[in-house]
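# Architecture and fold: a report
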Amino acid sequence: MTLPGVLLLDATGPEAGRLATTAAARGHLVHAATTAAAYADQGPDLKDLLAGQIVADFARPDRALDELAAYARRRRVGAVLTVNEYLTELAARLCAELGVPGNDPGRAQAARDKAAMAEWFTAAGVRAPYTVLVPDDAGLRTALADSRVGFPCVIKPVAGAGSAGVTVVRAPAGVAKAAEAARSVVGMHGSSGGRRGVLVQAYAAGTEYSLESLTQDSVTTHLAVTRKQVTGGTARVETAHSLPTLLPAAVEEDMHRQVEAAIGAAGIRNGASHTEVVVDGDGRCTVIEIGARLAAGHIGLLIQHALGIDVWAALLDTALGRPAQLAPTTCGHATVRFVTSPHTGRLTSLSGFPRTGPGVPYVRWRAQIGGRVTEPSTNAHRLGAFVVTGPDAAEVEERADALLRGIRIRVEPSPETAGQVRPASTSAIAP
Ligand SMILES: Nc1ncnc2c1ncn2[C@@H]1O[C@H](COP(=O)(O)OP(=O)(O)OP(=O)(O)O)[C@@H](O)[C@H]1O
Ligand SMILES: [Mg+2]
């Protein structure tokens, strides 16, 4: 019997690569829908693995939907998957069009457009920060005068990702710059969906976590709670993820309740979700946002190493409408550390970056020596990452911190930033 074909929307990045490899190893013909630019950049490994490709213009989703549906029907595609945040709505619409397992296309916008997300969260009774979509400066003034917002507050783009253009604003003096930063974010594939304006949101104080979940036929299994390290200050960038995190039972229960309501609100019926939350000092969980996809930032790899769950196989099974194996087979711990530059300038040297070996299954350095680096204000400013795993949580964290301290990078101020930054130094990486 011929197995159904598998269509991946956007086949770039390590997560998509693992999905494609898993599906191909199981004997599926794997197809990819790619932008023209990604097609041109594609390495031979992926080209060899794929049975076929279609170049799609994701910035024109209606047209892409028609073309992808026609392609998928011709190739007997029985599963559509994406790990790209920006394509989750198109994936839901395509699944519905093809009649294969997916999410509710009528709700899928809620996981991409944070104004719609706030509306659906309110309707579903999800505890979430009070959020206002403001079209212009007058709207901004009105929102900031509202006692449900106050200071600090958060100003962010409607449909961004990777923390780009997100600012924690502590006082009125920071508002104009933050609004400009949010407005200037250009998401992938024309992602604003025609929405104008920026979001003003109440600040949720507390500790940041995410809950990684998989939903099949509208029944959700929570795989792990991930604890985050995040830069402080006005621009927040996640610098570490660790899992699994054990929480007091009542806190976990509240988190599960809020996240399940959020999953329902975003119409997630068949697929992974990544829900970012803040837990306050009283153990109350507030949902910051939900993504209708597997978490980025190597969290899938962490789940695999710490818990022995093959998330790629589970995603594939879910997309094919088969029961996924979600029970942990090991009980270890895993963490990823992201390396960031302590200041803006030109990266002149790097030493001490970890190598893969026992307990260090993955390392990736992506900055170029001689290239420009900046103090992090989005995930794109991360210079590299490495994963540490092992049976004991405290030992894994200590080892990861020690490896991070052993990395030395030298950053010299570039001409345009000279005078604004500290002098060049050989610096430990900011944690
Ligand atoms: N309402 C809020 N209260 C407190 N902190 C917030 C709030 N909104 C955002 N943040 C902080 O800013 C970070 C980025 O915000 P958000 O997750 O909304 O942006 P994003 O672009 O979707 O980021 P990513 O794709 O990295 O998750 C959050 O991880 C959190 O640290
Ligand atoms: Mg986020």
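Residues numbered from 1 in each chain as written. Chains lettered and ligands numbered in written order. Predicted model: local features only at pLDDT ≥ 70, side-chain atom pairs only at ≥ 80, totals over all residues. Heavy atoms only, no water.

### Things to note about the sheet that holds strand β8 (residues 198–202)
If you trace the 4 strands from one edge of the open sheet to the other, you get β5-β8-β6-β7, paired in antiparallel fashion. The open sheet is flanked by β5 (131–134) and β7 (167–169), the only strands paired with a single partner. On average, each strand axis in the sheet is inclined to that of its neighbour by 25°, with strand direction left out of account. Of the pairings in the sheet, the one linking strand β6 (residues 153–157) to β8 comprises 5 bridges and is antiparallel in character. When the sheet's bridge partners are listed, Ile-155 is paired in β8 with Val-200. (Pairing = 2+ DSSP bridges. Helix = DSSP H or I, 4+ residues; strand = E, 2+ residues; numbered from the N terminus. Axes fitted to C-alpha atoms, helices over the stretch in contact; angles between N-to-C directions.)

### Considering the pairing of strand β18 (residues 384–390)
Across the 7 residues of β18, 7 count as buried, placing the element largely inside the fold. Burial along β18 is two-sided: the face carrying Gly-384, Phe-386, Val-388 and Gly-390 and the face carrying Ala-385, Val-387 and Thr-389 are both buried. Relative to β18, strand β16 (residues 362–365) runs antiparallel, the two sharing 4 bridges. Its bridge partner being in β18, Val-363 is matched across the sheet by Phe-386. (Buried < 20%, exposed > 50% of the residue type's maximum accessible area, 1.4 Å probe, protein only.)

### Re the site of ligand 1
If you check the shell around ligand 1, you find 21 residues, and the closest are Lys-114, Lys-156, Gly-162, Glu-208 and Glu-289. Within the side chain of Gln-201, an N or O atom sits 3.0 Å from a nitrogen atom of ligand 1. Contact between ligand 1 and Ala-204: a nitrogen atom at 2.8 Å from a main-chain N or O atom of the residue. Burial of ligand 1 by the protein chains amounts to 97% of its free accessible area of 610 Å². (Near = heavy atom within 4 Å. Polar contact = N/O pair within 3.5 Å; in protein donor to acceptor, adjacent residues only side chain to side chain. Areas by Shrake-Rupley, 256 points an atom, 1.4 Å probe, with all protein chains shown as cover.)

### Here we look at the pattern of salt bridges
Under the defined criterion, the tally for this structure stands at 19 salt bridges. A salt bridge links Glu-97 to Arg-73, with the shortest nitrogen-to-oxygen separation between them at 3.2 Å. Of the two residues, Glu-97 sits in helix α5 (residues 88–98) while Arg-73 sits in helix α4 (residues 61–74), which places them 24 residues apart along the sequence. Its relative accessible area of 47% is what places Arg-73 among the partly exposed residues. The salt bridge partner of Arg-127 is Asp-254, with a shortest N-O separation of 3.0 Å. With Arg-127 in the loop between α6 (114–124) and β5 and Asp-254 in helix α9 (residues 249–265), the pair connects residues that are 127 residues apart, well separated along the chain. For Arg-127, a relative accessible area of 23% gives the class partly exposed. On the accessibility criterion, Asp-254 (8% relative accessible area) is buried. If you follow the salt bridges from partner to partner, you end up with Arg-127, Glu-253, Asp-254 and Arg-257 in one network. (Salt bridge = Lys/Arg side-chain N within 4 Å of Asp/Glu carboxyl O.)

### What about the coordination of the magnesium ion (ligand 2)?
The protein atoms that coordinate the magnesium ion (ligand 2) are Glu-276 (OE) and Glu-289 (OE), at distances of 1.9 to 2.0 Å. Taken together, the residues span a long stretch of sequence, with Glu-276 in strand β12 (residues 271–279) and Glu-289 in strand β13 (residues 285–291) at a distance of 13 residues. Look at Glu-289 and you get buried, because its relative accessible area is 16%. (Donors = N, O, S within 2.8 Å, 3.2 Å for Na, K, Ca; no water.)

### Details of the domain arrangement of the protein chain
Taken domain by domain, the protein chain consists of domain 1 (5–98), domain 2 (130–202), domain 3 (204–331) and domain 4 (334–428). A separation of 25 Å is found between the C-alpha centroids of domain 2 and domain 3. Each side of the interface is counted separately: domain 2 has 7 residues, and domain 3 has 6 residues. Across the interface of domain 2 and domain 3, roughly 510 Å² is buried in total on both sides, 41% from carbon and sulfur atoms. Taken together, domain 2 and domain 3 are joined by 0 salt bridges. Viewed at the interface, domain 3 and domain 2 are joined by 2 residue pairs in polar contact (both at pLDDT 80 or more). The residue makeup of the side of domain 2 that touches domain 3, split by class, is 3 nonpolar, 2 polar and 2 charged. (Domains from an automatic or database assignment. Contact = heavy atoms within 4.5 Å. Buried area = accessible area lost by both parts, 1.4 Å probe. Nonpolar A, V, L, I, M, F, W, Y, C, P; charged D, E, K, R; others polar.)

### Here we look at the side chain of Thr-226
Note on placement: Thr-226 falls in strand β10 (residues 219–230). The residues contacting Thr-226, other than those within four sequence positions of it, are Glu-208, Tyr-209, Ser-210, Glu-212, His-241, Ser-242, Leu-243, Thr-245 and Ile-299.

### Some thoughts on the packing of α6 against α9
Their axes nearest at 9 Å, the elements α6 and α9 cross at an angle of 120°. With respect to α9, the axis of α6 lies oblique. Of the two possible hands of crossing, α6 and α9 adopt the one that is right-handed. Contacts between α6 and α9 involve Trp-120, Phe-121 and Ala-124 from the former and Ala-261, Ala-262 and Ala-265 from the latter. Tallied by class, the residues present in the contact of α6 with α9 amount to 6 nonpolar, no polar and no charged. (Parallel < 35°, antiparallel > 145°, perpendicular 65-115°, else oblique. Left-handed = near helix turned anticlockwise from the far one by under 90°.)

### A few points about the side chain of His-274
Along the chain, His-274 falls in strand β12. For His-274, a relative accessible area of 5% translates into the label buried. A distance of 2.8 Å separates a polar atom in the side chain of His-274 from a polar atom in the side chain of Glu-212.

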